[in-house]
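Structure at a glance
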Amino acid sequence: MNLLTVNNLTVSTEHQSGSINILDNLNFNLERGKSLGVVGESGCGKSMMAFAIMGLLPDNMTASGEVQFGGNLLSLPEKELCQIRGNKISMVFQEPMSALNPVLPIGFQVAESLRLHKNLSLHQAQQQASKVLERVGLPSQQYALSLYPHQLSGGQRQRVVIAIAMACKPELIIADEPTTALDVTIQAQILALIAELVFEENMSLILITHDLGVVAENTDQMLVMYAGRIVERGPTNKVFERLAHPYTRGLFASIPESENPNAEQGLQAEYSLTNRLSTIPGRVPEFWERSKGCSFADRCPRAQANCSLEVPAEIQLGAGHTSACFFPFEQKV
Amino acid sequence: MNQEKTETSLLQIRKVVREYILPRQQLFSPAKRFRALDGVSLTVNSGESFGIVGESGCGKSTLARTVMALEAPQSGEICFQGEILHSLKAEDLRRVRRGLQMIFQDPYGSLDPRQSVGKIVAEPLSLLGEMTHEKRSEMVAETLENVGLSPNDAVKFPHEFSGGQRRRIAIARALITRPALIVADEPVSALDVSVQAQVLNLMMDLRDRHGLAYLFISHDLSIVRHMTTKVAVMYAGRIVETGPTQKLFDHAQHPYTRALLAAVPRPDPTRKPQKRAINSLPNMLNYNLETETGRGCAYASRCPLVEDKCRNSSPELQNIQAGALAGFENNPQEIDHKVACYKPYAALVSN
Ligand SMILES: Nc1ncnc2c1ncn2[C@@H]1O[C@H](COP(=O)(O)OP(=O)(O)O)[C@@H](O)[C@H]1O
Ligand SMILES: Nc1ncnc2c1ncn2[C@@H]1O[C@H](COP(=O)(O)OP(=O)(O)O)[C@@H](O)[C@H]1O
Ligand SMILES: [Mg+2]
Ligand SMILES: [Mg+2]
């Protein structure tokens, strides 16, 4: 059963000559209890997509299409959205300090969302908060509810943010680069914590990241976004098996190899000095610079004449696996 | 191979200790000292890329600043091109500095937004002494081209550039005195992989073209693996394992190195089930450096293999004896692989 269905989601803003789309016709869905990874370089619109779903777009932007979550969130009045945000859908951001209030104790901040959405008394909310904090690995014997954010490490702060997000047992969590500012070891713990909580409470997860490794290891489905559009989507293992869109493949190829296939050959296989990484030339265009056809055309090694004239439609590559490209790659080399 | 020949060793760091005095908790309580570097030694040869990895707070940036003589060690010495940095007079230090440049961790903070790119890049030229305006502009133009920017960019300001281009500006500034060693502190952190790959390729090209050596600091193990031929893993101000990069990554000995390597996410969904094992990584929540610098191994409280001995005395960096441990054929190069642990992996396997 789909918990979230996004149909033709388009976000536009006024820019000089007129209205321009920042997000262009996004379509995808997410089942209850499943996780969806979203990747793409910065500026591709990943955060905008999250804000559009949450109804938190900046004032100068308008959304059209449908975000079905029970009803269409895009047509709900702000008052009703407030009852959904933090309650049925929660968000975890990259920088924990931006989500935490530096002058309020952590216990209070977790309790606040419970009081707001669950009508608990201050005392009940505090008790519940202490349970939630224990659940994210901050037991109150060691981490008093009265601690302030600055008394915690980056990883611990992110745990508090997760506690706030989890407190009301939402059905959907949107985590926007939740571990980008953390060390790999802490990242692994935070991701494991999110995965565990999501699994135990049968929640759904949208995990936004620029790290393909994080998506590979933590999600069931994935979207690859480029310049405001979804260029490839499908089951995570299928997308990685094929890397059909040249952009997906380009991203993958620019990662330094983390495992050496010749490990056992020992020193003979010492890296040569000119072991170059493959790169994607150029950069992500700003939304007002996007070309008429496929926005990736001018960086794409496979582009032909019609790529820059016409936007390629999503084509089916396999069960639930689609790519918006005229010349998708067949199989991984 | 492992002899520290003076002709080839460009930089020698010998038992460097760097302490910070922490602010007093109360007016009359004694000031606490915090050891950010606790007896660090390593050698970088000419043209070599030496990587430093470890979690934030382990002392990587402190090591960089100390090598750059921006901070003086409390004990130990740093020897660059045969001269001991901290004993040099200001005049001599300026001369030595030409050969030793740095790319700072945060290009937003380190590029003055009010200065033009030309000014920023030319700044280290003052180390070369008097120079005509023309010569200066010529060198700036040449260096900008060297890093893939245009000579016309000299009149622009940092905010006009993307994240990747700002790294190029920082690299140009480091490159302009034609140094023998560049200390690069997280040179590609917070860049998208595609841009990161461009900057890393540039750094490799420059190394090949100019015979540069790098002290390459990063918390990203795949990048260090790609960029360096030797590596040191730091934990709480100490080197816990060091050796040829590939050897060390393929046959990691220290439980900390192994935990770090296990935590790196790989772009391979088939690894997913294996990944769940991460849950059994030692709990690093209660990790507090200040209380960890006692007698024993600093990693003891997080280590899954800890025994009493580890808490009571601190293991020294030791060679992994060739042939003595499982998995190592008798190859003299292995002597370069050192670990500071009473229970290195090879010893576990051989039992
Ligand atoms: N407040 C804003 N007003 C106008 N444009 C914005 C605003 N915030 C972001 N953008 C633009 O929207 C596009 C998508 O940005 P974003 O969703 O933040 O990307 P990502 O999260 O993938 O890095 C970018 O082109 C960015 O410049
Ligand atoms: N100027 C300073 N005064 C006091 N403590 C410092 C100072 N600079 C760094 N430290 C401490 O030294 C340790 C190492 O810091 P740093 O070298 O920045 O680590 P890394 O670069 O590996 O993240 C940290 O615990 C940090 O808080
Ligand atoms: Mg974003
Ligand atoms: Mg640092």
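What you are looking at is a predicted structure, and each value in this text was computed from that prediction instead of being measured. (Residues numbered from 1 in each chain as written. Chains lettered and ligands numbered in written order. Predicted model: local features only at pLDDT ≥ 70, side-chain atom pairs only at ≥ 80, totals over all residues. Heavy atoms only, no water.)

Quick look at the overall build of chain A
What chain A contains, in helices and strands, is 10 helices and 12 strands. Whereas a compact globule of 333 residues would reach a radius of gyration of roughly 20 Å, chain A reaches 21 Å, a difference of no more than 12%. Once the C-alpha set of chain A is aligned to its principal axes, its extents read approximately 65 × 60 × 40 Å. Evaluated residue by residue, chain A yields a buried proportion of 54% over its 333 residues. Put simply, of all contacts in chain A between residues at least 6 apart along the chain, 66% involve residues at least 24 apart. (Helix = DSSP H or I, 4+ residues; strand = E, 2+ residues; numbered from the N terminus. Rg over C-alpha atoms; globule rule 2.2 N^0.38 Å. Buried < 20%, exposed > 50% of the residue type's maximum accessible area, 1.4 Å probe, protein only. Contact = heavy atoms within 4.5 Å.)

A few points about the domain arrangement of chain B
Residues and elements named next belong to chain B. Per the domain assignment, the segments making up chain B are domain 1 (9–228) and domain 2 (251–264 + 283–351). Every contact between the two is made by 8 residues of domain 1 and, on the other side, 8 residues of domain 2. Together domain 1 and domain 2 conceal approximately 780 Å² of surface at their shared face, both sides included; 64% is due to carbon and sulfur atoms. It is Phe 34, Glu 55 and Leu 221 that lose the most area in domain 1 upon contact with domain 2, and together they represent 60% of the buried surface on that side. Applying the counting rule to domain 1 against domain 2 returns 1 salt bridge. The partner of Glu 55 in a salt bridge is Arg 302, with the nearest N and O atoms 3.1 Å apart. Joining domain 1 to domain 2, the criterion identifies 2 residue pairs in polar contact (both at pLDDT 80 or more). Looking at the side of domain 1 that touches domain 2 residue by residue, the classes come out as 3 nonpolar, 3 polar and 2 charged. (Domains from an automatic or database assignment. Buried area = accessible area lost by both parts, 1.4 Å probe. Salt bridge = Lys/Arg side-chain N within 4 Å of Asp/Glu carboxyl O. Polar contact = N/O pair within 3.5 Å; in protein donor to acceptor, adjacent residues only side chain to side chain. Nonpolar A, V, L, I, M, F, W, Y, C, P; charged D, E, K, R; others polar.)

Notes on the packing of helix α4 (residues 106–118) of chain A against helix α6 (residues 154–166) of chain A
When two helices pack together, their arrangement is given by the angle between the helix axes and the distance between those axes. All names here are of chain A. Close contact between α4 and α6 brings their axes to 8 Å; oriented N to C, the two are set at 20°. When the axis of α4 is compared with that of α6, the two are roughly parallel. In this structure, α4 crosses over α6, and the sense of that crossing is right-handed. Residues Ile 106, Gln 109, Val 110 and Ser 113 of α4 touch α6, and the partners they reach there are Val 160, Ala 163 and Ile 164. (Axes fitted to C-alpha atoms, helices over the stretch in contact; angles between N-to-C directions. Parallel < 35°, antiparallel > 145°, perpendicular 65-115°, else oblique. Left-handed = near helix turned anticlockwise from the far one by under 90°.)

Considerations on the sheet that holds strand β9 (residues 221–226) of chain A
Residues and elements named next belong to chain A. An order of β6-β7-β8-β3-β9-β10-β12-β11 is seen for the 8 strands of this open sheet, with the pairing classed as mixed. Two strands close off the open sheet at either side, each with one partner strand: β6 (89–92) and β11 (315–318). This sheet shows a mean twist of 20° between the axes of neighbouring strands, independent of strand direction. In the packing of α6 onto the sheet, the strands contacted are β6 and β7 (172–176), and the crossing angle to β6 comes to about 170°. (Pairing = 2+ DSSP bridges.)

Quick notes on the site of ligand 2
Residues and elements named next belong to chain B. Near ligand 2 you find 13 residues, and of these Gly 57, Gly 59, Lys 60, Ser 61 and Thr 62 are the closest. Contacts to ligand 2 include Gly 59, whose backbone N or O atom sits 3.1 Å from an oxygen atom. Relative to its unbound accessible area of 560 Å², ligand 2 is 64% covered by the protein chains. Put simply, the parts of the chain that give the shell around ligand 2 at least two residues each are β2 (33–45) and α1 (60–67). Ranked by residue count, the leading element in the shell around ligand 2 is α1, at 4 residues. (Near = heavy atom within 4 Å. Areas by Shrake-Rupley, 256 points an atom, 1.4 Å probe, with all protein chains shown as cover.)

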